[in-house]
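# Observations on the three-dimensional arrangement
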Amino acid sequence: MRILSIETSCDETAISIITADGDFPDATYEIIGDALFSQIALHAPYGGVFPSLAKREHAKAIVPLMIEALTEAELLVPGSHTSSPELTTSITATLEREPELAAAIADFMNAYNEPEIDLIAVTVGPGLEPALWVGVNFAKVLAEIWNKKVVAVNHMEGHVLASVYDVVEDNKLAQIGFPAIALLISGGHTELLLMKNWGQYEKIGQTRDDAVGEAFDKVARLLGLPYPGGPELSKLAGLGRKAALPPLKADLPRPMLKSGDLDFSFSGIKTAVRYALDGQELTDTDTQALARDFEDAVTEVLVKKSSDAVATHGAKSLIIGGGVSANQYIRTELNRHFLKEHPDCELYFPTPGLSTDNSIMIALAGHARANSASNPAAAKLFRAEGNRSIAST
Ligand code: KG4
Ligand code: ZN
C-alpha cells in the first residue's frame, strides 16, 4: 500500500509518500518521498504562529511540496489524463475560498498523470482551524479527482506512532508491551494517555492551562530568545548545567506535583519566571542559570507524573512524543528515573527528526486508521477529537 500523507495543523507544511508492506502494526514501512516546509522564520517576528499567515503559506507550499515528494518517490509522471474543463470548474468550486490553491491544483492536473498511490491520509485535528482546512480541502480535492480513499488522522496519534517507529533499524513499529502510557508533550498539548492496545487511547491526564512547549516558548520569549524558543532555551539551560551555576531561582514552583492526579499546570512556572525577571537586567550567566532552573522544574513534574501513571496502570512501556520530546535533558532524566524506579518499563522516544511535526507520522497513523475496520473499537478518543466529514474509515 502506498500512502500519500498531508500535515498542515500548525506551522509545518509536509507531504510524504510511504509504502506499507503488511498490516498495521506489523507492517514494514519505507519512506519513498518526504517534503517539508517549515514556516518558523515567517512567524518568528510575531512571537508565535499567526493563523491566517499559516493558512496562506500552507496553500502556497502544498502543491510544490507534493511535486517534490512525488518526484523523490519516482511517481510523478508528466501527462494530463486527469484534466478537463469540468474538472477545473469542480476544483474551483470546492476551493472557492482558496483560488490560488485551486489554480495550482488545476495546473498540476494539467501537467501530470494520476500517481500510483492507494490512500490519502490527512491531519484533521487537533490544530489551528484555518491551517488544518488547507490540508483537509486539498486531500478532499485529490481524493475526488483520483477516486482515492481518504483517512482522517489525529495529529496526536501521529506523534505516538512516530515515537515507536524504528526508522533506523528495521522500518517497523516496535513491538511494545501493553498496557502502555503515552506522554505527549508539544506546543499545543501536554497529556498522558493509557493505551491498553494499539489504537486504544484513554486520556488519563492533561494540562489545565499551558502546554509544556508553550511554557518553553513563553519563557524563552521573556528571556529575549527568538521563536520557537524551546530548543534555544534548552541550549542555554545545558550551558548553565554544565557550568554548575548556582540557582538563580531555586524555588520555581513544581505545580501539581502532589495533586494526586495525573494533570499538569505550567502557567505558574512561567509566571514565577516573569516575577524573577521583573526589573532585572540579567547577565548571560544569569540567563543560563534561570533557563536551567526552569528546565529542572518542568522536567521534575514530567518525570513524576509519568512515573505515577506507569505505576498506577502497571505499564510495560512509556512512549514519549511531541516536539518537546526532542529535549535532551528531559530524555536523560526520564531514562535515569525509569532505570531506577521502573526498570521493567521500556521507554520509547522518536528518532531525531520525527519529534517535531512531520507527515511521516501522519502516514503511519493513516495506515493504522485504514486498518482499523478490523478493530471497530479503535481510537474512540481520537475519533471524537479529530474526525471531520471526510473521514471514510
Ligand atoms: O509537536 P510540535 O512540533 O508542534 C505541535 O504540535 O505543537 O512541537 C513544537 C514545540 C514547540 O513549543 C517547541 O518550542 C518545542 O516543541 N520544542 C522543544 C524542543 N524542541 C522543540 N522544547 C524544549 N526543548 C527542545 N529541545
Ligand atoms: Zn505536533
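Right, let's walk through the structure included here. (Residues numbered from 1 in each chain as written. Chains lettered and ligands numbered in written order. Predicted model: local features only at pLDDT ≥ 70, side-chain atom pairs only at ≥ 80, totals over all residues. Heavy atoms only, no water.)

For the pair helix α10 (residues 284–313) and helix α11 (residues 328–341), interaxial distance at closest approach is 10 Å and the crossing angle is 40°. Between α10 and α11, the angle is such that the two are oblique. In the packing of α10 onto α11, the handedness of the crossing is right-handed. Across the interface between the two elements, E295, D296, T299, L302, V303, S306, S307 and V310 of α10 pack against Y329, I330, E333, L334, H337 and F338 of α11. (Axes fitted to C-alpha atoms, helices over the stretch in contact; angles between N-to-C directions. Helix = DSSP H or I, 4+ residues; strand = E, 2+ residues; numbered from the N terminus. Parallel < 35°, antiparallel > 145°, perpendicular 65-115°, else oblique. Left-handed = near helix turned anticlockwise from the far one by under 90°. Contact = heavy atoms within 4.5 Å.)

Right, let's get into the pairing of strand β3 (residues 28–38). Pairing of strand β2 (residues 12–21) with β3 involves 10 bridges; the strand directions are antiparallel. Counted as the bridge partner of I17 is G33 from β3. In this antiparallel pair of consecutive strands, β2 and β3, the connection spans six residues, and G22 shows a positive phi of 110°. (Pairing = 2+ DSSP bridges.)

Below, the discussion takes up the sheet that holds strand β11 (residues 317–321). Strand-to-strand pairing in sheets goes through backbone hydrogen bonds, with the strands running parallel or antiparallel. Across the sheet, five strands lie side by side as β10-β9-β8-β11-β12; this open sheet has mixed pairing. Single-partner strands in this sheet number two, and they are β10 (202–206) and β12 (346–348). Within this sheet the neighbouring strands show an average axis-to-axis angle of 20°, counted without direction. Here β11 runs beside β12; their pairing, made up of three bridges, is parallel. Paired with S317 across the bridge in β12 is E346.

Distances from the zinc ion (ligand 2) to its protein donors, H155 (NE2), H159 (NE2) and D357 (OD), fall within 2.1 to 2.2 Å. Taken in chain order, the donor set of the zinc ion (ligand 2) reads H-x3-H-x197-D. Note that H155 is positioned in helix α6 (residues 155–164) and D357 in the loop between β12 and α12 (360–370), a separation of 202 residues in sequence. Each of the two residues, H155 as well as D357, counts as buried. (Donors = N, O, S within 2.8 Å, 3.2 Å for Na, K, Ca; no water. Buried < 20%, exposed > 50% of the residue type's maximum accessible area, 1.4 Å probe, protein only.)

A few words now on α6. The buried fraction of α6 amounts to 10 of the 10 residues, a majority that puts the element mostly inside the structure. Among the residues of α6, H155, M156, E157, G158, H159, V160, L161, A162, S163 and V164 are the ones counted as buried. Among the residues of α6, the N-terminal cap falls to N154, whose side-chain oxygen and the backbone nitrogen of M156 are separated by 2.6 Å. (Polar contact = N/O pair within 3.5 Å; in protein donor to acceptor, adjacent residues only side chain to side chain.)

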